[in-house]
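The residues making up each chain are set out below.
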Amino acid sequence: MKNYEQMLREHNLKVTPQRLGILSILEDTGHISIEELFTFIRKDFSSISIATLYKNINFMLEVNILKEVKIPNSKSKYEISKDEHSHMVCRKCQKLEDITLCLDGVIEHASEKSGYSFDENALVLSGVCPQCQLA
């Protein structure tokens, strides 16, 4: 487990039990929707509201402790920020996984073709995972 207290302090965010709980859940699950996170966090903090959860998520997004993973035709999921990576999502079971890919050539080609100067990328590949292929 990372030192989340130190991480929050380094980003000038107050260390609260709720924020530590959010980060702990995210560490355990990897990727989670706000609704799933709300279900988990209420087990330890029964009085937390969905508005408070959103507020805390947004604070941590703003300082790059968390990242939002936008999935086409689905609700966003959240993860703890880490090295650059892409995602794979299964159309059948909705499992979301990380994959490390080198996108340098794709980004360079897109920049040459469009004239854009890219500073961020997010790739989500959709398909059917190996377990669902067997089912």
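The structure displayed is predicted, hence computed values, not measured ones.

Q: Can you break down the layout of surface pockets residue by residue, with the values?
A: As a volume, the largest pocket reaches approximately 530 Å³. Taken together, 22 residues line the largest pocket, and the ones lying closest to its centre are Lys 67, Glu 68, Glu 120, Asn 121 and Ala 122. Considering each element in turn, the lining of the largest pocket owes the most residues, 4 residues, to strand β1 (residues 66–69). Its residues placed into classes, the lining of the largest pocket shows 8 nonpolar, 5 polar and 9 charged.

Q: An account of a negative patch on the surface is requested, with residue identities and associated values reported.
A: A grouping of Asp 83, Glu 84, Asp 104, Glu 108 and Glu 112 is seen on the molecular surface, where their side chains present a negatively charged patch. Examined against the element boundaries, Asp 104 turns out to sit in helix α5 (residues 104–114). In this structure Asp 104 comes out as exposed when scored by relative accessible area, which is 53%.

Q: Any details on the packing of helix α3 (residues 34–44) against helix α4 (residues 50–62)? Residues and values, ideally.
A: One can describe the packing of α3 onto α4 by two numbers: an axis separation of 11 Å at closest approach and a directional angle of 115 degrees. Looking at the two axes, α3 sits roughly perpendicular to α4. The way α3 lies across α4 gives a crossing that is right-handed. For the pair α3 and α4, the contacting residues are Ile 34, Leu 37, Phe 38 and Ile 41 in the first and Ile 50, Leu 53, Tyr 54 and Ile 57 in the second. Its residues assigned to classes, the contact of α3 with α4 shows 8 nonpolar, no polar and no charged.

Q: Give me the lowdown on the packing of helix α2 (residues 17–29) against α3, citing residues and values where you can.
A: Across the interface, α2 lies against α3 with an axial gap of 10 Å and an inter-helix angle of 120 degrees. Classed by the angle they form, the pair α2 and α3 counts as oblique. Along this stretch, α2 crosses α3, giving a crossing that reads as right-handed. Between α2 and α3, the residues in contact are Gln 18, Gly 21, Ile 22, Ile 25 and Thr 29 and Leu 37, Phe 40 and Ile 41, respectively. Across the contact of α2 with α3, the residue classes tally to 5 nonpolar, 3 polar and no charged.

Q: Go over α4 with me, naming the residues and quoting the values.
A: Every α-helical turn comprises 3.6 residues, leaving residues that sit three or four positions apart pointing alike. An ideal rise of 1.5 Å per residue puts 18 Å on 13 residues; α4 measures up with 18 Å between its terminal C-alpha atoms. Considered for burial, the residues of α4 that qualify are Leu 53, Asn 56, Ile 57 and Met 60. Along α4, the residues classed as buried sweep out an arc of 100 degrees about the axis, all on the same side. Turned more than 90 degrees off the buried face of α4, the exposed positions are Ala 51 and Glu 62. Where α4 is buried, its residues touch α1 (4–10), α2, α3, β1 and β2 (77–80). Of the residues flanking the end of α4, it is Asn 64, one or two places downstream, whose phi is positive at about 70 degrees.

Conventions used here
- Once a new chain begins, its residue numbering starts again from 1 and follows that chain's sequence as written.
- In keeping with the model being predicted, local features are shown solely for residues with a pLDDT of at least 70 and side-chain atom pairs are shown and tallied solely at 80 or more, while totals for entire chains, interfaces and linings include all residues.
- Calculation of side-chain values draws on the structure's entire complement of heavy atoms; hydrogens and water are dropped beforehand.
- Here the term cavity refers to a set of points on a 1 Å grid, laid over the protein atoms alone, in which a 1.4 Å probe fits but cannot get out; the term pocket refers to an open set having protein on both sides within 12 Å along at least five of seven lines, with lining residues being those that place an atom within 4 Å of a point.
- Grid points are joined across faces, edges and corners, and a volume is the space filled by probe spheres set on the points.
- Strands here mean DSSP runs of E at least two residues long; helices mean DSSP runs of H or I at least four residues long; both are numbered from the N terminus.
- Note on residue categories: nonpolar means Ala, Val, Leu, Ile, Met, Phe, Trp, Tyr, Cys or Pro, charged means Asp, Glu, Lys or Arg, and polar means any other residue, Gly included.
- Surface patches are defined over residues having more than 30% relative accessible area and no salt bridge, joining like charges when they lie within 9 Å and nonpolar side chains (Val, Leu, Ile, Met, Phe, Trp, Tyr) when within 5 Å.
- Using a 1.4 Å probe, the Shrake-Rupley method yields the accessible areas, and only the shown protein chains count as cover for residues.
- By salt bridge we mean one thing: a side-chain nitrogen of Lys or Arg within 4 Å of a carboxyl oxygen of Asp or Glu.
- Counting rule for charge: Lys and Arg are taken as positive, Asp and Glu as negative, and neither His nor the chain ends is counted.
- Charge coordinates come from a single atom per side chain, which is NZ of Lys, CZ of Arg, CG of Asp or CD of Glu.
- Relative accessible area decides the class of each residue, using a 1.4 Å probe on protein chains only: under 20% of the type maximum gives buried, over 50% gives exposed, and in between gives partly exposed.
- The axes are straight lines fitted to the C-alpha atoms, using for helices just the contacting stretch, and the angles between their N-to-C directions are given from 0 to 180°.
- Roughly parallel here means an angle under 35 degrees, roughly antiparallel means over 145, roughly perpendicular means 65 to 115, and every remaining angle is called oblique.
- Note: crossing handedness is left-handed where the near helix turns anticlockwise from the far helix by less than a right angle, and right-handed where it turns clockwise.
- The contact rule is simple, with two residues in contact once any of their heavy atoms fall within 4.5 Å.
- Multiply 1.5 Å by the residue count of a helix minus one, and that product is the helix's expected span.
- What the arc measures is the spread of directions leading from the helix axis to the C-beta atoms.

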